[in-house]
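# Structure assessment
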Amino acid sequence: MRILAAIGALAIAIGLAAAAFFFGGFYSIAGTTEDPAVVTWALTRVRTASINRHATATAPASFNDPATVQSGARAYATFGCATCHGAPGVKWQKFSEGLHPDPPDLKEVAGELSPAQLFWVIKNGINMTGMPSFEQAGATDTEIWSIAAFVKKLPVVSDADYKTWTASLDPASPAK
Ligand code: HEC
């Protein structure tokens, strides 16, 4: 019994210390704080597992059509993906280098994520990172599938293609 009481007292002491540490403002939420490797590892595993489990939608039959990919390029430009991730021939905005975690190069991600996984991430965003939910930003499912189709093709889209496909956009017009 004395051992159990000691364990209980210790647990309470640890709880109080943790509360004092976090609610007392000692934990730094600075975006510049480097996470310990184990935290980065755990967050990446949780993200990947969560996306794998949730991404169950079926891509439309038109997913690989050039028309879909090209309208995806326009939606990609209009919704501002390039500001954080860059695009073929377009450098990301400097501020995105201050995001933590930093936005990945989608050309590399394209090979790793399935169409359903891309759709799910773009639609829902990734909580507690800079990746927004584009459903909440007003994109329709059709637009999101087209963006996913464009991202999937990123490894083979040239700078000139992207420029041509997005040339008709008026840079001054608002997203929607
Ligand atoms: C404000 C900056 C920002 C904007 C705008 C943004 N993203 Fe992201 N995106 C991020 C960040 C940060 C991550 C990394 C999240 C993480 O590491 O878990 C990310 C992650 C992703 C991923 C997942 C990568 C992976 O490995 O799982 C995809 C796909 C993606 N973004 C696509 C897009 C598309 C398409 C758009 C436009 C419709 C867009 N993003 C707009 C910041 C942004």
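Predicted, not measured: the structure shown is a model, and the values here were computed from it. (Residues numbered from 1 in each chain as written. Predicted model: local features only at pLDDT ≥ 70, side-chain atom pairs only at ≥ 80, totals over all residues. Heavy atoms only, no water.)

Here we take up the overall build of the protein chain. From N to C terminus, the protein chain includes eight helices and zero strands. When the helices and strands of the protein chain are placed in sequence order, the string is α-α-α-α-α-α-α-α. Taking all 176 residues of the protein chain together, 27% fall into the buried category. Put simply, of all contacts in the protein chain between residues at least 6 apart along the chain, 65% involve residues at least 24 apart. When the accessible surface of the protein chain is split by element, carbon and sulfur atoms take 64% of a total near 11600 Å². Across the protein chain, 13 positive and 14 negative side-chain charges occur, with their mean positions spaced 6 Å apart. (Helix = DSSP H or I, 4+ residues; strand = E, 2+ residues; numbered from the N terminus. Buried < 20%, exposed > 50% of the residue type's maximum accessible area, 1.4 Å probe, protein only. Contact = heavy atoms within 4.5 Å. Areas by Shrake-Rupley, 256 points an atom, 1.4 Å probe, with all protein chains shown as cover. Lys, Arg positive; Asp, Glu negative; His and termini not counted. Charge placed at Lys NZ, Arg CZ, Asp CG, Glu CD.)

This brings us to the pattern of salt bridges. Note on pairing: side chains with opposite charge can pair once their charged atoms come close. Counting across every chain of the model gives three salt bridges. Notably, a salt bridge pairs K123 with E135, separated by 3.4 Å at the nearest N-O pair. Of the two residues, K123 sits in helix α6 (residues 115-124) while E135 sits in the loop between α6 and α7 (141-153), which places them twelve residues apart along the sequence. Residue classification places E135 among the partly exposed positions, given a relative accessible area of 39%. One salt bridge connects K123 with D141, and the closest N-O pair in it is separated by 2.9 Å. Pair noted here: K123 is in helix α6 and D141 is in helix α7, with a separation of 18 residues, a long-range link. Judged by relative accessible area, which is 16%, K123 ranks as buried. Here D141 falls in the partly exposed class, since its relative accessible area comes to 37%. Each of K123, E135 and D141 takes part in one network of salt bridges that share partners. (Salt bridge = Lys/Arg side-chain N within 4 Å of Asp/Glu carboxyl O.)

If you check the shell around the ligand, you find 23 residues, and the closest are R47, C81, C84, H85 and M131. Note that an oxygen atom of the ligand is positioned 3.0 Å from one of the side-chain N or O atoms of R47. At a separation of 2.8 Å, a nitrogen atom of the ligand approaches a polar side-chain atom of H85. Contributions of two or more residues to the shell around the ligand are made by α4 (81-85), α5 (106-112) and α6. The element contributing the most residues to the shell around the ligand is α4, with four residues. In terms of residue class, the shell around the ligand is made up of 17 nonpolar, five polar and one charged. (Near = heavy atom within 4 Å. Polar contact = N/O pair within 3.5 Å; in protein donor to acceptor, adjacent residues only side chain to side chain. Nonpolar A, V, L, I, M, F, W, Y, C, P; charged D, E, K, R; others polar.)

Geometry sets the ideal angles at a metal, namely 109.5 degrees for four tetrahedral donors and 90 or 180 degrees for six octahedral donors. The iron atom of the ligand binds to the protein through H85 (NE2) and M131 (SD); the donor distances cover 2.0 to 2.2 Å. Taking relative accessible area as the criterion, H85 reaches 15% and is therefore assigned buried. (Donors = N, O, S within 2.8 Å, 3.2 Å for Na, K, Ca; no water.)

A few words now on the domain arrangement of the protein chain. On domain assignment, one finds that the protein chain holds domain 1 (1-30) and domain 2 (33-166). Using only C-alpha atoms to locate each centre, domain 1 and domain 2 end up separated by 40 Å. (Domains from an automatic or database assignment.)

This part is about the environment of D105. As for its placement among the helices and strands, D105 is situated in the loop between α4 and α5. Classification of D105 as partly exposed rests on a relative accessible area of 37%. Through-space distance from the C-alpha of D105 to that of L10 is 46 Å; in sequence the pair is 95 residues apart.

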